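Secondary and tertiary structure notes
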Amino acid sequence: VTDIDDKIIKRAAELGMEPLELARVEEANFFEDLERLGCREPTLVLRVSEHIEDIVQFTQEVVEQGYGYTTTDGSVWFDVAKLGGAYGAFAEGRGTSTAAAQAAALIEEDPASASDNKRDQRDFALWKAAKEGEISWPSPWGAGRPGWH
């Protein structure tokens, strides 16, 4: 369960709630919807906020293997250029096979992914540096939270 991301943080602030509190409310609504639809409940529920140490470790491994890089603000980005032409190959049918189109589509879909610190606008955040007043956890790169998970 994604229980921490830009949209949750923004909506929680609008409602005057803590992000994890809002996430639990929405998670409960989701499971109520599943029940009304006659779907079976999952046997295991994993929440991003409960696996921060795992995410930090995974992100460290990605950086150590050369597929990620850090920026001066304490964020960690996945370097899509390391994948050569393989990145975006499955987007061909969506008409987003070129780097510029992919970057534009990503920013349109998720404006929070825009950053002057990235090497390539298609790069995506593995770890986002903490912003003033946002929920965060400690990491080797400074306080922050998972970006993509």
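Residues numbered from 1 in each chain as written. Predicted model: local features only at pLDDT ≥ 70, side-chain atom pairs only at ≥ 80, totals over all residues. Heavy atoms only, no water.

**With respect to the side chain of Asp6**
Along the chain, Asp6 turns up in helix H1 (residues 6-15). A polar side-chain atom of Asp6 sits 2.3 Å from a polar atom in the side chain of Arg145. (Helix = DSSP H or I, 4+ residues; strand = E, 2+ residues; numbered from the N terminus. Polar contact = N/O pair within 3.5 Å; in protein donor to acceptor, adjacent residues only side chain to side chain.)

**Notes on the nonpolar core**
The biggest cluster of nonpolar side chains holds 15 residues, and the ones touching the most others in it are Phe78, Leu126 and Trp127. Broken down by secondary-structure element, the contributors of at least two residues to this core are helix H3 (52-64), strand S2 (76-78) and strand S3 (124-129). (Core = buried A, V, L, I, M, F, W, Y, C linked by side-chain atoms within 4.5 Å. Buried < 20%, exposed > 50% of the residue type's maximum accessible area, 1.4 Å probe, protein only.)

**Concerning the sheet that holds S2**
Overall, antiparallel pairing links the four strands, which are arranged S1-S2-S3-S4 in an open sheet. In this open sheet, the two edge strands, each paired with only one partner strand, are strand S1 (68-70) and strand S4 (144-146). Between one strand and the next, the sheet's axes are offset by a mean angle of 20°, whatever the strand orientation. Relative to S3, S2 runs antiparallel, the two being bridged by three bridges. Along S3, the bridge assignment pairs Val76 with Trp127. Contacts from H3 reach S1, S2, S3 and S4, with the element oriented near 125° to S3. (Pairing = 2+ DSSP bridges. Axes fitted to C-alpha atoms, helices over the stretch in contact; angles between N-to-C directions. Contact = heavy atoms within 4.5 Å.)

**Digging into the pairing of S3**
In terms of burial, S3 is largely enclosed, as six of its six residues are buried. Relative to S4, S3 is paired through three bridges, and the arrangement is antiparallel. From the neighbouring strand, Trp127 faces S4, where its bridge partner is Pro146.

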